[in-house]
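Residues per chain are reported as follows:
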Amino acid sequence: MTTPDTLLHVEDLVVTYPTPGGATTAVDRVTFTIPRGSALALVGESGSGKSTIAHAVVRLLKPTAGRILFDGTDLATLPERRLRPLRPRFQMIFQDPYGSLDPHLTAQDIVAEPLRLSGTRDRTARTRRAAELLDRVGLPASARDRRPSEFSGGQRQRIGIARALASSPDLLVCDEATSALDVSVQARVLELLRELQAETGITYLVIAHNLGLVREISTDVVVLRSGRVVEQGRTADVLASPTEPYTRDLRRAALDPAAIRGRKPRELLHARGRAHTPA
Ligand SMILES: Nc1ncnc2c1ncn2[C@@H]1O[C@H](COP(=O)(O)OP(=O)(O)OP(=O)(O)O)[C@@H](O)[C@H]1O
Ligand SMILES: [Mg+2]
């Protein structure tokens, strides 16, 4: 159901990938809604379809079926020519802060690039705005002329966020944006995302393995298994009484001291399974 409060409504989304053995269905009739200014978390084990959904939402791939209503416009079927003017309004931060920044550009140019693409012709204005954005995400002025290889993972993530924010998007899709980072760095990036939401009312679709992070940032959560939604609702409710074994395991893993050191629940579950197997 969509209301004027709805920014994103995904309905019966299906994505199939062609493979040598025939088409595989990565996302199978997934439906969820994100109200403006809120944050929805997608969780689920590896291969459950989270990134595929994210890529479909920002139309890096064309869905096989279903609707992606972004502020009332169905992105699912829109040709690229009509998507282009909308693209600045939905942006994505990628899973890997190491691979997603152009190694040849300075931080300043990386952030200014989307401004150029979205039609800010004045170079001085682009430079000024890029500097403001880098400052906003907590990078020092001395960082502006450095290239990605000269930054830590957390700093690169901040550059990615600054770049995504350059076009003042309504929706930011974060694909495990912080999972490659250690927990204290994750916490600071999370804090930044929350501050930005409070300031701008930006809406988030966040993919996460770390349940602590899900709890901190999301109002609603969708749990996926094998491309299907197996559980969804308000984050507090789902985490308080999860009905799915996966969600329960995820919750248990989030309380594990190793999880606090930043390991993924999947590894923890395997580790626990081994520990409990009689010799
Ligand atoms: N380009 C592709 N071609 C064929 N199959 C793909 C492709 N990308 C993903 N898949 C398959 O689609 C399913 C969903 O993958 P997806 O990357 O969306 O999962 P995920 O939930 O993001 O996993 P992870 O937590 O490991 O990032 C998996 O079975 C995967 O093997
Ligand atoms: Mg993924």
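Use the structure listed above.
I will try to describe carefully the structure that is included in this document. (Residues numbered from 1 in each chain as written. Chains lettered and ligands numbered in written order. Predicted model: local features only at pLDDT ≥ 70, side-chain atom pairs only at ≥ 80, totals over all residues. Heavy atoms only, no water.)

Side note on the packing of helix α5 (residues 153-165) against helix α6 (residues 183-200)
This is how it is decided: To get an axis, fit a line to the C-alpha atoms, keeping to the stretch in contact for a helix; angles then go from 0 to 180 degrees between the N-to-C directions. Secondary structure is summarised from DSSP: a helix means a run of H or I of at least four residues, a strand means a run of E of at least two, and numbering begins at the N terminus for each. Roughly parallel means an angle under 35 degrees; roughly antiparallel, over 145; roughly perpendicular, 65 to 115; everything else is oblique. In this scheme the handedness of a crossing depends on how the near helix is turned from the far one: anticlockwise by less than a right angle means left-handed, clockwise means right-handed. By definition in these notes, contact holds between two residues if any of their heavy atoms fall within 4.5 Å. Each residue gets one label: Ala, Val, Leu, Ile, Met, Phe, Trp, Tyr, Cys and Pro are nonpolar, Asp, Glu, Lys and Arg are charged, and the others, such as Gly, are polar.
Interhelical geometry of α5 versus α6 gives an angle of 20° and a closest axis separation of 10 Å. Put simply, α5 runs roughly parallel to α6. The chirality of how α5 crosses α6 is right-handed. Seen from α5, the contacting residues are Gly154, Gln157, Arg158, Ile161 and Leu165; seen from α6, they are Val185, Arg188, Val189, Leu192, Leu193 and Leu196. Split by residue class, the contact of α5 with α6 holds 7 nonpolar, 2 polar and 2 charged.

Observations concerning the sheet that holds strand β9 (residues 220-225)
Two pairing modes exist for strands in a sheet, parallel and antiparallel, and in both the strands are linked by backbone hydrogen bonds. Worth spelling out the cut-off: Strands are treated as partners if at least two bridges between them are detected by DSSP.
Ordered by their spatial adjacency, 6 strands build an open sheet running β6-β7-β8-β3-β9-β10, and the pairing between neighbours is mixed. In this open sheet, the two edge strands, each paired with only one partner strand, are β6 (90-93) and β10 (228-234). For this sheet, the mean angle separating the axes of adjacent strands, direction not counted, is 15°. Contacts between α5 and the sheet are confined to β6 and β7 (171-175), with β6 contributing the most and set at about 175° to the helix.

A short note on the environment of leucine 8
Our working rule: Accessible area is worked out with a 1.4 Å probe on protein chains only. A residue is then buried under 20% of its type maximum, exposed over 50%, and partly exposed in between.
Position of leucine 8 among the secondary structure elements: in strand β1 (residues 6-19). Leucine 8 gets classed as buried once you look at its relative accessible area, which sits at 0%. Counting along the chain gives 61 residues from leucine 8 to leucine 69, while the straight-line C-alpha distance between them is 5.6 Å. Every residue in contact with leucine 8, bar those within four places of it in the chain, is listed here: Phe32, Thr33, Ile34, Val57, Ile68, Leu69, Phe70 and Leu171.

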